[in-house]
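In case you want the letters, here they are:
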Amino acid sequence: MTRSIGETAGAPTAPWCCGRTECIADHPWRNRFGAEQNLLLAITARLQGRPNDDLFLLDTAAAWSLVGGDIAEALGRLAGGSGAPVTMDTRLVTVHGTLERVTFTLPADAGEDLQVDATVMVAHEWRGPPVIGFHCMLDRLRFAVDPGVDSDHPPLFYFGPCG
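Quick caveat, the model's predicted, so the values are computed rather than measured.

1. Points about the nonpolar core
Of all hydrophobic cores here, the largest spans 27 residues; its most connected members are Val67, Phe104, Leu106, Ile132 and Phe157. Elements supplying a minimum of two residues to this core: strand 3 (36–47), strand 4 (54–58), helix 1 (69–79), strand 7 (94–106), strand 9 (114–122) and strand 12 (156–161). In terms of residue count, the dominant contributor to this core is strand 9 (five residues). Setting aside residues up to four positions removed in sequence, Val67 forms contacts with Leu47, Phe56, Ala72, Leu75, Val120, Met121, Val122, Ala123, Trp126 and Pro130. Counting residues in hydrophobic clusters, the runner-up holds 17 residues, among them Trp29, Leu55, Val86 and Leu99.

So, in structure tokens, the structure goes:
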């Protein structure tokens, strides 16, 4: 069957997709210092050791996934801060931190949750939003974004394991 542009999204299907979740487009987000910005495309994910899902900026151009604030503190306690030191230049600031191995869980609104063994940059001074980036996270799964067509058909993030 051939789908036409404008058709509504269906259920996640094999061979590559095991789940999907609703994306949040242009989500207002306030950092821990009170500055507000819009997250162009955000999804929820859960990092190991965290009791709840957190909202992450989905950024395919970010070199690494990146967390700061209370998420960084929780991961730092879990990992012991023993990861390799790394510096990353963002569009706003240069950030220093460590690379830590963690498990991301992508919760599915439809289909199955997916666990990804990932590497995250933990930077306690990072003031921006938590970020899901490319290296050692997005490059470990297959994914697609359906931009949505209207309020009845919101943006969707489809995901599945690589390989």
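2. Here we look at the side chain of Arg50
Its place among the elements puts Arg50 in the loop between strand 3 and strand 4. The buried category is assigned to Arg50, whose relative accessible area is 16%. Side chain to side chain, Arg50 and Asp54 meet in a polar contact 3.0 Å long.

Parameters at a glance
Throughout, residues of each chain are indexed from 1 in the direction in which the sequence is written. In keeping with the model being predicted, local features are shown solely for residues with a pLDDT of at least 70 and side-chain atom pairs are shown and tallied solely at 80 or more, while totals for entire chains, interfaces and linings include all residues. Computation of side-chain values covers all heavy atoms of the structure but excludes hydrogens and water. Joining through side-chain atoms within 4.5 Å is the link that ties buried Ala, Val, Leu, Ile, Met, Phe, Trp, Tyr and Cys residues into a set, and such a set is a nonpolar core. Using a 1.4 Å probe on the protein chains alone, a residue whose accessible area is under 20% of its type maximum counts as buried, one over 50% counts as exposed, and one in between counts as partly exposed. Elements are defined by DSSP. Helices are runs of H or I of four residues or more, strands are runs of E of two residues or more, and each kind is numbered from the N terminus. The contact definition used throughout considers only heavy atoms, calling two residues in contact when any of these lie within 4.5 Å. The term polar contact refers here to a pair of N or O atoms within 3.5 Å; inside protein, the definition further demands a hydrogen-donor-capable atom paired with an acceptor-capable atom, and it admits residues adjacent in sequence only when both atoms are side-chain atoms.

Purely geometric numbers; function is a separate question.
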